[in-house]
Amino acid sequence: MSTPCSDIALADAAGPMKDMLDKLSGENGNSWLVAWNLFLGMQAHALIAKLKEISLKRWKTFAVGGSTKDELLVKFAEARLPSGATGIQASDWARDIAGKPACDFPKETEDGVEFVMGSLGDLFGFKKNTKTKVFLDEAFLAKHGLELCKPSDAFYLRLAYLDQPLDEWVRVGMKPIAGSGGRPREFVLEHYSNGVWLFADCTNPDSQWSPDSLWIFRRKKVTQS
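About the thresholds
- Residues numbered from 1 in each chain as written.
- Predicted model: local features only at pLDDT ≥ 70, side-chain atom pairs only at ≥ 80, totals over all residues.
- Heavy atoms only, no water.
- Buried < 20%, exposed > 50% of the residue type's maximum accessible area, 1.4 Å probe, protein only.
- Helix = DSSP H or I, 4+ residues; strand = E, 2+ residues; numbered from the N terminus.
- Arc of directions from axis to C-beta.
- Contact = heavy atoms within 4.5 Å.
- Core = buried A, V, L, I, M, F, W, Y, C linked by side-chain atoms within 4.5 Å.
- Salt bridge = Lys/Arg side-chain N within 4 Å of Asp/Glu carboxyl O.
- Phe/Tyr/Trp six-rings, centres within 6.5 Å; stacked < 30°, edge-to-face > 60°.
- Lys NZ or Arg CZ within 6 Å of the ring centre and 35° of its normal.

Quick look at helix α4 (residues 69-78)
When we look at burial in α4, the residues that qualify are L72, L73 and F76. Seen from one end, α4 has its buried residues packed into an arc of 100 degrees, which puts them on one side. Set apart from the buried face of α4 by more than 90 degrees, the exposed residues are D70 and E78. In this structure, the buried side of α4 is in contact with β2 (89-90), α5 (92-98), α9 (153-160) and β9 (195-202).

Structure (structure tokens):
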């Protein structure tokens, strides 16, 4: 059965309508309501801009740089967690790739760096498992208003995310660094029952990632002409 004056079946419309209702009642409900009203008003360009703004929800904005690896590891040891415990753990592999030349720790401070965290499905619309090389690509990310993180960003991200939910894994979207064993790795923020960790996990170009997997990227800065 079709709706009047339309070739769209009711069954086809049911899914998107439910999805919209879920969004309207969710955390960003007000923003989705604005977008929905824009859509009803047929303001196409404004709608597209609003949808991009929602999909690239800002996670955290803070300064990075200005500290050495050893200074950051001291901050790890001194970090006070919401639970009252003290200390962030850094795995052996994380320490290993942090010591490679490709993991530079800039002496200059970079202010106002905006990070975006989300699932691959939310960020890029992926509906199925996707290879690393598809989205860890500068040109691809630029089309979505994002860019790769610097490897050292992972240390500042770890310090900024002390309230990470238990059992959550978030991968830092960066150019992988070859560890001492030769395998490419990237940093991962993890919270286990035994503490808050900075890990480094293997990431091959052809590795497959679920649409639900969580990643962090930088929002691409808009240059003023």
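What to know about unusual backbone geometry
Phi is positive for D167, which is not a glycine, with a value near 70 degrees. When you line up the elements, D167 lands in the loop between α9 and β6 (169-172). Taking the relative accessible area as the measure of exposure, D167 reaches 57% and is therefore exposed.

Things to note about the side chain of S213
Here S213 lies in the loop between β10 (208-209) and β11 (214-219). A relative accessible area of 16% places S213 in the buried class. Among all residues touching S213, those that are not within four sequence positions of it are G118, S119 and L120.

Describing the nonpolar core
Core analysis: the largest hydrophobic core is formed by 33 residues, its most contacted members being F115, F155, V172, F187, L189 and L198. For this core, the secondary-structure elements that each account for two or more residues are β1 (58-64), α4, α5, β3 (110-119), α9, β6, β8 (184-192) and β9. With 14 residues, the next largest nonpolar core counts L120, L136, L141 and L146 among its residues.

Digging into the pattern of salt bridges
Under the criterion given, the structure shown has eleven salt bridges. With a shortest N-O distance of 3.3 Å, K150 and E110 are connected by a salt bridge. Separated by 40 residues along the polypeptide, K150 in the loop between β5 (146-147) and α9 and E110 in strand β3 bring together distant segments of the chain. Residue classification places K150 among the partly exposed positions, given a relative accessible area of 38%. Between K133 and D206 there is a salt bridge, and its shortest N-O distance comes to 2.9 Å. Of this pair, K133 sits in helix α7 (residues 132-135) while D206 is found in the loop between β9 and β10, placing the two residues 73 residues apart along the sequence. We classify K133 as partly exposed; its relative accessible area is 47%. Through salt bridges that share partners, E110, K150, D153, R218 and K221 make up one connected network.

Some thoughts on the packing of aromatic side chains
The final tally for this structure, using the stated rule, is 17 aromatic pairs. With a centroid separation of 5.8 Å and 70 degrees between ring planes, the pair formed by F124 and F217 is classed as edge-to-face. On the criterion of sequence distance, the pair formed by F124 in helix α6 (residues 120-124) and F217 in strand β11 is long-range, its members being 93 residues apart. We classify F217 as buried; its relative accessible area is 0%. Linked through ring pairs, F124, F126, F135, F140, W209, W215 and F217 together constitute an aromatic cluster. Seen from the ring of W59, K60 lies directly overhead, with NZ or CZ sitting 5.2 Å from the centre. Positioned above the aromatic ring of W93, the side-chain terminus of R185 is 3.6 Å from the ring centre.

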